[in-house]
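In case you want the letters, here they are:
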Amino acid sequence: MLQPGFAPVLQSTMIAPQFQQAINQSAYPIFLQDNSFIQLMSTKQFSESMPMFNLQIPVANRSFDQVCADSSLTFCPSQLGLIPSSIWSSDIISFGSLVQNFFRRRNSSASKFPYKLFNALRITEVQPEYFPHIGVKWVDDNIIWVNREAFASLIGVKTIEGGLFHQQGNFPSHRFIELSYEESEAVAALHKLGHVDLSHMRMVRHSGGVFKRGCTESDLEKCKWKDA
């Protein structure tokens, strides 16, 4: 019988976990292994399931010989505006073929030095990633940056200093003059090109102002060997 003011006492049943008693140790609950998960098994090897990528090395990061050997690197000379226009068609030509059949061809009326320089500058103007392999590019409308080793390799000159910059070399003999170190440093600073290392690069410009950015094939008829 309940006394007034007291709530009834409900009897509860405690559900105790099962225990495993270890000697001289506390009791630990036993956890049953759960086999209800799904295990995914594959007989395919890991290497077979990985996607394969053919990552092509950028042109600027390859060696000159690698670029020449890659037949997929092509140009359309007539679309690029290479000169003399009479020898170029709309056919596609690889960079390697262009090197062998034009740039390294012996100087002649169709492959004289001003034409080679013009075409090299034209390529780096349109596709600047080729500069490490061609070796010349415009700094401004009159000044040309020349990487000695790269440009000499392009046109097949073996004696770099004598073949390019000596009094009878290709640049001086066609009335190009070198900028002094101080002038080159000033130009490099203006265009944020870093410091000038004359052992690897030079800056040149045409003394008569004929060979400049935007000049034409007819303009270059005036850019002749200075003794001619």
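Refer to the preceding data block for the structure.
In this text, all values refer to a predicted model and were calculated from it rather than measured experimentally.

Asker: In this structure, what is going on with the sheet that holds strand S8 (residues 201–206)? I would like to understand it.
Answerer: By definition, the strands of a sheet pair up through backbone hydrogen bonds, in either a parallel or an antiparallel sense. Reading across the sheet, the 4 strands line up as S5-S6-S8-S7 and stay open at both edges, with antiparallel pairing between neighbours. The sheet terminates laterally at strand S5 (136–138) and strand S7 (176–178), the two strands that pair on one side only. For this sheet, the mean angle separating the axes of adjacent strands, direction not counted, is 30 degrees. The pairing of S5 with strand S6 (residues 144–147) spans 3 bridges and is antiparallel. Residue pairing across strands places Val136 opposite Val146, the latter belonging to S6.

Asker: I would appreciate a short explanation of the packing of aromatic side chains in the present structure.
Answerer: Two descriptors summarise a pair of aromatic rings, namely the distance from one centre to the other and the angle between the planes of the rings. Across all of its chains, the model carries 13 aromatic pairs by this definition. Measuring from ring centre to ring centre gives 6.0 Å for Phe151 and Phe171, while their planes differ by 40 degrees; the resulting arrangement is tilted. Of this pair, Phe151 sits in helix H7 (residues 148–155) while Phe171 is found in helix H9 (residues 170–173), placing the two residues 20 residues apart along the sequence. Neither Phe151 nor Phe171 differs from the other in exposure class; each is buried.

Asker: Honestly, the nonpolar core in this entry has me stumped. Any pointers?
Answerer: Proteins that are soluble and globular tend to have nonpolar side chains buried together. Counting residues in each nonpolar core, the largest one holds 42 residues, and the members touching the most others are Leu117, Ile144, Phe151, Leu154, Phe171 and Phe211. Contributing elements (two or more residues each) for this core: helix H2 (64–69), helix H4 (95–103), helix H5 (113–126), S5, S6, H7 and helix H8 (160–165). Discounting chain neighbours no more than four positions away, the residues touching Leu117 are Val136, Ile144, Phe151, Phe171, Phe176 and Phe211. In this structure, Phe131, Ile143, Val187 and Ala188 belong to the second largest nonpolar core, which totals 10 residues.

Asker: Is there a simple way to explain the packing of H5 against H7 in this structure?
Answerer: Geometrically, a packed helix pair is captured by the angle between its two axes and the distance between the axes. Running from N to C, H5 and H7 point in directions that differ by 120 degrees, and their axes come no closer than 12 Å. By the angle class used here, H5 and H7 are oblique. Helix-helix and strand crossings are classified by hand; for H5 and H7 the assignment is right-handed. The segment H5 lies against H7, with Phe113, Lys116, Leu117 and Ala120 engaging Phe151, Leu154 and Ile155.

Asker: Explain helix H10 (residues 181–190) to me, please; I cannot follow it from the model alone.
Answerer: In an α-helix, one turn spans 3.6 residues, which is why side chains three or four residues apart end up on the same side. Within H10 the residues assigned to the buried category are Ser184, Val187 and Ala188. Viewed along the axis of H10, the buried residues span an arc of 100 degrees, placing them on a single side of the element. For H10, the exposed residues lying more than 90 degrees away from the buried face are Glu182, Ala189 and Leu190. Its buried side turned inward, H10 meets S8. Positive phi appears at Lys192, one or two residues downstream of H10, with a value of about 55 degrees.

Asker: What am I meant to see in the side chain of Ser111 here?
Answerer: Structurally, Ser111 is set in the loop between H4 and H5. Overall, the relative accessible area of 0% leaves Ser111 in the buried class. At 2.9 Å, the side chain of Ser111 forms a polar contact with the side chain of Ser108.

Asker: Help me out: how do you make sense of the pattern of salt bridges in this one?
Answerer: In a structure, side chains of opposite charge can pair up when their charged atoms sit close to one another. The full count for this structure, using the stated rule, is 8 salt bridges. Between Arg202 and Glu161 there is a salt bridge, with its nearest N and O atoms 3.1 Å apart. With Arg202 in strand S8 and Glu161 in helix H8, this residue pair connects regions lying 41 residues apart in the sequence. For Arg202, a relative accessible area of 11% corresponds to the buried category. The shortest N-O distance in the salt bridge between Glu178 and Arg202 comes to 3.1 Å. A residue pair is termed long-range when its members are at least 10 positions apart, and Glu178 in strand S7 and Arg202 in strand S8 qualify at 24 residues. Residue Glu178 is classed as partly exposed on the basis of its relative accessible area, which comes to 36%. Three or more residues joined by partner-sharing salt bridges are found here, namely Arg148, Glu149, Glu161, Glu178 and Arg202.

Calculation notes
Residues numbered from 1 in each chain as written. Predicted model: local features only at pLDDT ≥ 70, side-chain atom pairs only at ≥ 80, totals over all residues. Heavy atoms only, no water. Pairing = 2+ DSSP bridges. Helix = DSSP H or I, 4+ residues; strand = E, 2+ residues; numbered from the N terminus. Axes fitted to C-alpha atoms, helices over the stretch in contact; angles between N-to-C directions. Phe/Tyr/Trp six-rings, centres within 6.5 Å; stacked < 30°, edge-to-face > 60°. Buried < 20%, exposed > 50% of the residue type's maximum accessible area, 1.4 Å probe, protein only. Core = buried A, V, L, I, M, F, W, Y, C linked by side-chain atoms within 4.5 Å. Contact = heavy atoms within 4.5 Å. Parallel < 35°, antiparallel > 145°, perpendicular 65-115°, else oblique. Left-handed = near helix turned anticlockwise from the far one by under 90°. Arc of directions from axis to C-beta. Polar contact = N/O pair within 3.5 Å; in protein donor to acceptor, adjacent residues only side chain to side chain. Salt bridge = Lys/Arg side-chain N within 4 Å of Asp/Glu carboxyl O.

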